[in-house]
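The residues making up each chain are set out below.
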Amino acid sequence: MIQKTKLPLISISFAATLAVVKLIVALYSGSLAVLASALDSVLDIVSSAVNYFALRASEAPPDKTHPYGHGKFEALAAFVQSLIILATGVYLLLKSIFNIVSKQPVKDLQAGIFVMLFSVVMTLLLTLILRYYAKKFNSSIILTDSLHYEIDLFTNSSVLISLLLTKYTSRYEIDYIMSALISLYILYTAGKLAKDVSKELLDSEVSDADQKKIGDILSVYNENLIDYHRIRTRSSGKTKFLDMHITLCKNMTLSEAHSIADFIEKDLKDKMGDIDVVIHIDPCEVINCPGQGNCEKITKMDKKKV
């Protein structure tokens, strides 16, 4: 099995090979679309290198200066990558517009067609590998890396089609128009990525699906809780954080109340996976207590449930 921290190294090797081949062919043929794809591969090398060091940092256990762990290194790396991709998209768009206006010719289409066909096959293979391990490890940074190569798969296929059309129509502007469209797609994707990872950096709540799952787990304890409130969630890498208040009968002993909180925490961890739970216990008040009978029922509940 491939280790999580080794996946970026595989991506780096792959991207480096394609970048060198594409750059050579792009400079030889004069195809801007192939050059755009080559620059994207160079950026993939940088992105995968950032991913490698970010993954190593995020896997480190909590320490004195980072008591909540290092999971946000993943989101930070992904955010930096999105900015790099945005800058590249702007450059390619401006370069495409310049070549369309100046009507620059493409010298050798055949070499470009062969290298892009090779790129499509290899990119598809790497994308499938990264997608599989992103799901297996539940890693946002590996998922981000796979997203880069999904974009590459799209752009490589588009470049291949544009080169074929250019070859059989002798309309060189097709090459430049395609590179412009690719740059617009890159800008859209990078913007969406930046928006998504910024939610984790800004401590946004966990997904709606996770919130519903937490609510379903807590609803099982309605007989033992007078209520639960002030639920707050966030995530850091693969770890989710939850803190909440629960209201228990004031006639309970400290040991009984603590046992209930421990049991709820264990249930959440068993069903939610990697989650850090902090529970604050509030005693019920007369004005909102459902009744002494309920308090007595809670106090005498079956010890096996806690």
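Everything numeric in this text was worked out from a predicted model, so none of it was measured.

Q: Pulling in residues and values, what's your account of the overall build of the protein chain?
A: Of the regular secondary structure elements, the protein chain holds 9 helices and 3 strands. Along the chain direction, N to C, the helices and strands of the protein chain fall in the order α-α-α-α-α-α-α-β-β-α-β-α. Considering the protein chain as a whole, with its 306 residues, one finds that 44% of them fall into the buried category. The long-range fraction of contacts in the protein chain, counting pairs at least 24 apart against all pairs at least 6 apart in sequence, stands at 74%. Of the accessible surface of the protein chain, which amounts to about 16,000 Å², a share of 64% is contributed by carbon and sulfur atoms.

Q: So what's going on with the nonpolar core? Residues and values would help.
A: Judged by nonpolar contacts, the single largest core of 22 residues is most densely connected at Val34, Val115, Met116, Val159, Leu163, Ile182 and Ile186. For this core, the secondary-structure elements that each account for two or more residues are helix 1 (7-29), helix 2 (32-58), helix 3 (72-102), helix 4 (109-137), helix 5 (140-169) and helix 6 (173-201). Each residue touching isoleucine 186, except ones within four places of it in the same chain, is listed here: Ile85, Gly89, Leu92 and Ile151. In this structure, Cys249, Ile260, Ala261 and Val277 belong to the second largest nonpolar core, which totals 19 residues.

Q: Help me get a handle on the side chain of serine 162, residues and values and all.
A: Inspection of the secondary structure puts serine 162 in helix 5. Among the residues examined, serine 162 registers a relative accessible area of 0% and is labelled buried. A distance of 2.7 Å separates a polar side-chain atom of serine 162 from the backbone oxygen of valine 159. In this structure serine 162 touches Ala33, Ile174, Asp175 and Met178, once residues within four positions along its chain are discounted.

Q: I'd like a description of the sheet that holds strand 3 (residues 275-283), backed by residues and values.
A: Pairing in this open sheet of 3 strands is mixed, and the strands run 1-2-3 from one edge to the other. Single-partner strands in this sheet number two, and they are strand 1 (227-236) and strand 3. Geometrically, the sheet is characterised by an average inter-axis angle of 10° between neighbouring strands, direction not taken into account. Where strand 1 meets strand 2 (residues 239-248), 8 bridges bridge the pair, whose relative direction is antiparallel. For tyrosine 228, the partnering residue across the bridge sits in strand 2 and is isoleucine 246. Along the sheet face, helix 7 (residues 208-219) touches strand 1 and strand 2 and points at about 145° away from the line of strand 1. Helix-sheet contacts for helix 8 (residues 254-272) involve strand 2 and strand 3, and the interaxial angle to strand 3 is about 155°.

Q: Before we move on, could you go through the side chain of lysine 240 and cite the residues and values that matter?
A: With respect to the secondary-structure elements, lysine 240 resides in strand 2. We classify lysine 240 as buried; its relative accessible area is 15%. Non-local contacts of lysine 240, meaning those with residues more than four positions away in its chain, are made with Val206, Asp210, Arg234, Ser235, Met272, Asp274, Ile275 and Asp276.

Q: With reference to specific residues and values, describe a nonpolar patch on the surface.
A: A cluster of nonpolar residues, Val90, Leu94, Ile97 and Val101, forms a patch on the protein surface that exposes about 380 Å² of accessible area. Examined against the element boundaries, valine 90 turns out to sit in helix 3. According to the relative accessible area criterion, valine 90 is partly exposed, its value standing at 42%.

Q: Summarise unusual backbone geometry; cite the residues concerned and give the values.
A: Phi at arginine 230 takes a positive value of approximately 50°, unusual for a residue other than glycine. Mapping arginine 230 onto the fold places it in strand 1. For arginine 230, a relative accessible area of 54% corresponds to the exposed category.

Q: Kindly report on the confidence of the model for the protein chain, identifying the contributing residues and their values.
A: For the protein chain, mean pLDDT is 76; residues scoring 70 or higher make up 77% of the total. Considering each helix and strand of the protein chain separately, the mean pLDDT is smallest for helix 9 (residues 292-299), with a value of 49, and largest for strand 3, with 87. Every residue in residues 301-306 scores below 50 in pLDDT, and together they form 9 contacts with partners more than four places removed in sequence or on other chains.

About the thresholds
- Residues numbered from 1 in each chain as written.
- Predicted model: local features only at pLDDT ≥ 70, side-chain atom pairs only at ≥ 80, totals over all residues.
- Heavy atoms only, no water.
- Helix = DSSP H or I, 4+ residues; strand = E, 2+ residues; numbered from the N terminus.
- Buried < 20%, exposed > 50% of the residue type's maximum accessible area, 1.4 Å probe, protein only.
- Contact = heavy atoms within 4.5 Å.
- Areas by Shrake-Rupley, 256 points an atom, 1.4 Å probe, with all protein chains shown as cover.
- Core = buried A, V, L, I, M, F, W, Y, C linked by side-chain atoms within 4.5 Å.
- Polar contact = N/O pair within 3.5 Å; in protein donor to acceptor, adjacent residues only side chain to side chain.
- Pairing = 2+ DSSP bridges.
- Axes fitted to C-alpha atoms, helices over the stretch in contact; angles between N-to-C directions.
- Patch = residues over 30% accessible without salt bridge, like charges linked within 9 Å, V, L, I, M, F, W, Y side chains within 5 Å.
- Salt bridge = Lys/Arg side-chain N within 4 Å of Asp/Glu carboxyl O.
- pLDDT = per-residue confidence, 0-100.

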